[in-house]
Every structure is written in structure tokens, then in C-alpha cells.
Amino acid sequence: MMFQQLQQQRPALTGRAGRRALRVQAAGSTYGNNFRVTTFGESHGKGVGCVIDGVPPRLPITNEEIQFELDRRRPGQSIITTPRKEEDTCEILSGVFAGESLGTPIAVLVRNKDQRSDDYSEMSVAYRPSHADATYDFKYGIRAVAGGGRSSARETIGRVAAGAVAKKLLKVVGGTEILAYVSGVLEVEASVDHASFTLEDVESNIVRCPDQEAAQKMIDVINEVRVRGESCGGVVTCVVRGCPKGLGSPVFDKLEAELAKAMLSLPATKGFEIGSGFSGSRMTGSAHNDPFYMDNGAVRTRTNRSGGIQGGISNGEDIVIKVAFKPTSTIGIKQQTVTREGEETELRARGRHDPCVVPRAVPMVEAMVALVLADQLLQHYAQCELLPRDSSSTPDQSVAMQFAALHQA
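Throughout what follows, the structure given in this document is the object of discussion. (Residues numbered from 1 in each chain as written. Predicted model: local features only at pLDDT ≥ 70, side-chain atom pairs only at ≥ 80, totals over all residues. Heavy atoms only, no water.)

## Let's talk about the side chain of Thr330
We count it as follows: The helix and strand labels rest on DSSP assignments: H or I over at least four residues marks a helix, E over at least two residues marks a strand, and numbering proceeds from the N terminus. Two N or O atoms count as a polar contact when they lie within 3.5 Å, although within protein this holds only if one can serve as hydrogen donor and the other as acceptor, and sequence-adjacent residues are included solely when both atoms are side-chain atoms. In what follows, a contact means two residues having at least one pair of non-hydrogen atoms within 4.5 Å.
Residue position: Thr330 is located in the loop between strand E16 (319-325) and strand E17 (335-338). A polar contact is formed between the side chain of Thr330 and the side chain of Arg128, at a distance of 3.0 Å. Contact partners of Thr330, with chain neighbours within four places excluded, come to Arg128, His131, Ala349, Arg350 and His353.

## Some details on the sheet that holds strand E1 (residues 30-31)
Using the following cut-off: Two strands are counted as paired when DSSP detects at least two bridges linking them. Each axis is a line fitted through C-alpha atoms, and for a helix only the stretch in contact is used; angles between axes span 0 to 180 degrees, taken between their N-to-C directions.
The 5 strands lie next to each other as E1-E2-E3-E7-E4, forming an open sheet whose pairing is antiparallel. The strands lining the two open edges of the sheet, one partner per strand, are E1 and strand E4 (90-94). Of the pairings in the sheet, the one linking strand E3 (residues 47-53) to strand E7 (residues 106-111) comprises 6 bridges and is antiparallel in character. By the bridge assignment, Gly47 is partnered in E7 with Arg111. Its contacts with the sheet place helix H5 (residues 156-174) against strand E2 (36-40), E3 and E7, and it is angled at close to 35° to E3.

## Some points on the sheet that holds strand E10 (residues 234-241)
The strand order across the open sheet formed by 5 strands is E9-E8-E10-E16-E11, and the pairing between neighbours is antiparallel. Every interior strand has two partners, whereas the edge strands, strand E9 (188-189) and strand E11 (269-274), have only one. Sheet topology note: the E10/E16 ladder contains 7 bridges and is antiparallel. Residue pairing for E16: Thr237 is matched across the bridge by Lys322. Packed onto the sheet, helix H7 (residues 212-227) meets strand E8 (177-185) and E9 and runs at close to 60° relative to E8. Here helix H10 (residues 358-384) sits on the sheet in contact with E8, E10 and E16, set at roughly 145° to E8.

## So, unusual backbone geometry
Rule in force here: Each residue is assigned to one of three classes by its accessible area relative to the maximum for its type, calculated with a 1.4 Å probe on protein chains only: buried under 20%, partly exposed between the two thresholds, exposed over 50%.
A cis amide bond links Pro250 with the next residue in sequence, Val251, at an omega value of 0°. Looking at where Val251 falls in the secondary structure, it is placed in the loop between E10 and helix H8 (255-264). Backbone geometry places Leu186, a non-glycine residue, at a positive phi of 50°. Positive phi, close to 65°, is recorded for Arg208, a residue that is not glycine. Looking at the element boundaries, Arg208 is found in the loop between helix H6 (199-202) and H7. Residue class for Arg208 comes out buried when judged on its relative accessible area of 4%.

## Overview of the nonpolar core
The criterion, for reference: Joining through side-chain atoms within 4.5 Å is the link that ties buried Ala, Val, Leu, Ile, Met, Phe, Trp, Tyr and Cys residues into a set, and such a set is a nonpolar core.
In terms of nonpolar packing, the biggest core is built from 81 residues, with Phe35, Ile319, Ile321, Val365, Val369 and Leu373 touching the most fellow members. In this view, Phe35 contacts Ile52, Asp53, Gly54, Val55, Ala162, Val165, Ala166, Leu169, Leu371, Ala374, Asp375 and Leu378; residues no more than four positions away in its chain are not counted.

## Some details on the environment of Ile178
As for its placement among the helices and strands, Ile178 is situated in strand E8. You can call Ile178 buried: its relative accessible area is 7%. It is 6.5 Å that separates the C-alpha atoms of Ile178 and Arg241, two residues lying 63 residues apart in sequence. Setting aside residues no more than four positions away along its own chain, Ile178 makes contact with Lys167, Leu170, Cys238, Val239, Val240, Glu366, Val369, Ala370 and Leu373.

## Observations regarding the packing of H8 against H10
Put simply, the test is: The crossing is said to be left-handed when, going from far helix to near helix, the turn is anticlockwise and less than a right angle, and right-handed when the turn is clockwise. Classification used: nonpolar for Ala, Val, Leu, Ile, Met, Phe, Trp, Tyr, Cys and Pro, charged for Asp, Glu, Lys and Arg, polar for all others including Gly.
Where H8 meets H10, the closest approach of the two axes is 9 Å, and the angle between their N-to-C directions is 140°. Classified by chirality, the crossing of H10 by H8 is right-handed. Touching Leu255, Glu258, Leu259, Ala262 and Met263 of H8 are Val365, Met368, Val369, Val372, Leu373 and Gln376, all from H10. Of the residues in the contact of H8 with H10, the class split is 9 nonpolar, 1 polar and 1 charged.

## Focus: the packing of H5 against H10
The line we're drawing: An angle below 35 degrees is treated as roughly parallel, one above 145 as roughly antiparallel, one from 65 to 115 as roughly perpendicular, and anything else as oblique.
At a minimum axis distance of 7 Å, the contact between H5 and H10 shows a crossing angle of 50°. Considered as vectors, H5 and H10 are oriented oblique to each other. For the pair H5 and H10, the sense of crossing is left-handed. On H10, the residues touching Thr156, Arg159, Val160, Ala162, Gly163, Ala166, Lys167, Leu169, Leu170 and Val173 of H5 are Pro363, Met364, Glu366, Ala367, Met368, Ala370, Leu371, Leu373, Ala374, Leu377 and Leu378. Residues belonging to the contact of H5 with H10 are distributed by class as follows: 16 nonpolar, 2 polar and 3 charged.

In C-alpha cells:
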């Protein structure tokens, strides 16, 4: 009733004033200010993808580099992932010529092929508990029932494609490497050396955990819940090596704040930690502080409880974050729910879903970290690197040299 009264009381607006009043400033499908990514498409629509704006011209980028990342998140890749079969073949529609970016928007499209919309007939009338079905109806009054529409993890195809371009930019400019892995599933936790693990270690098993002993236990746990029609959650840890110093802007655009927003925008995420995370709240200052030392003209820290970020700005140490993922909402066990008409009922959901999302979430986490860092890199360079630096302003000579190759070019 309140909204009806407001609509009745609101004066009618016509012409330019009316158009201004109806303008939507934040629709929620775009991330970034300088390296700007918009994703589009629904799970069972004709296709999904992204438009990437702000990519510097002359960046080498190939279809194969994007496809490599998409293959890592592709469904149907193992027994512990969704059985939906999609090739997820990408098409670069614009913005790239002869293997180099043009500086104009890059559009990437992946066409959907293996839709089974009839599997979602029950969900058209009954809400899946803890899924976005109900809240999408609350907000929009309409939703794409089949596959969950935009709430499906299939939306992340656009993020992963854009992340491949962001990864390439970070690698070319700063030699930056972004690697994530599954560090926990239910009660199973991995032990991984963050200084030495490689992409090959991550991809050596279907759960994407470099700790082989823990990986087998994780696979067994996921299989056990899968055969029962259940699901389980887990944790993905991401390590950034070689991040340029100085990324992030106080006070509302701190680097860890941007990373937290990016991670929690991923489907099924429920928690975020950086560095010591919540364990730091149980430490004293002298135990938690990272002592500085000089290392061949560079300021370094002997420990890294800060997780590579201090004061909201990257300090050049490895950035280490953890992201918690909840169990998949759609399960094959009867649950109490309500229909769109408000009647209480039971629902046993059908459809093809991951029993645990974290094995396929690894490239999604890497992609979102890359998008954050690429956006912050362009912003930092435009604001802080155009004019010469005073070498006496810091004892760290590596700061003045980290973009020297770009100036020479």
C-alpha cells in the first residue's frame, strides 16, 4: 500500500524531466572505473559474455588465451562438477585486430547449447531455499526461471573472459602472476607453500588443490555428498605475486575493499579474508606487525600478516586472500518452501548443479582479482606516474623503476 500511495502522490513528469527521473544509475552488471567490464546473458538464454572497455591499445591478446581460462571453469569437466555439457567456445566480436587490442571495447560471446529448461518447471512456482529465486521476484517482479538466469554461475563466463585480458595486461606491465587453489572442503584443509606452488600443481587434479593428499580427501568428501543428492561448501585461496606497489586509493577505494567487493559479488560467496584475517583479531600489535627491512634497494617486510596491503595500498609483497563459498543451494533432497502464491509446500529440485562449487570457482576468483588489479593499475598510473618522482621521497628505489620499461617504450 505504501508504494501505491507514493505513486498516487508523485506528480506526473513529462519530457526531459521525466526521462531524468527514470534514469538508472547503477544496474549492477558493470564493474570498474578505468578497466570497465559489463557482463550479459542468462544461464538458459542464447548466450553469455562481456564487453571490456578501457583496455590499452596494442596489448597482445589471442582467442586461445581467453579460451584457456574458460576451459578451466567449463561445466562437465569431471565427476565432481555439474554434468551440463557446454564447450564454452568464445568468439571475440570486436576490439581486437591481428592479435592486438585496438583500445576500443572488446566484446566476447559464448553461445549456450546444452539447455534443459524443462528441469526447472517446479522452480517456476516454488522457491528454492537459500537461492535467489525469491529475492529476484521481490526486486524485479519477474525472473528467468530456467537455470537461475543471471543468478547462475554461468554469468561468470563474462568475468573469466575479461579476467584473461586483465591477467595479460598485468603480466605484460608488471610481471604479475595470479594463482588460486582450493584450500578447504568441509572439514578438509590443505597445506600449500604459497611461495612455490604453480599453475601445473593446481591443475594436477580435478579439485584444483596442490596438496595431493588433501585433494584426494576433498574429492572423496564431494563424491559422498553428491551421491546423496547433497552439496557442500569450501574455501578458495588466491595469491598474487609481483603486484606493483602503490595500487589502491584511500579511503573508500582501498585495495582490500575493492577485492572484498569483487569476491563477494561472485555466486555463493559468504566470507572474505586478507592476510591474517580474523585470526589477527586474537593477536597483539607486536606479534601482528610486519617488520620492514632493506633488500637490494627495495623496502620489504619480513612477515606478511598484512597480506600485501597496508593502508589500503599494495606494498609489493604477495597479496593473499581467502574466499568462503557456501554449499550449492539446489539439492536433490526434499525441503520446505513456499510457492509464488504463498502456499507452503515441499520441493525436491531437479537440474544439473555442482555438488561443490569451489573446483570451478578457482578461475572465477583469479579473474575477479585480475579485474580489480587492472582497474587499479590504470588509475594509479594515470594519477601517480605521469610526472617525475623525487627519488628522496622514499628509500625504495624499486618504486621509481617499476614502470621504467613503459616510459622507455
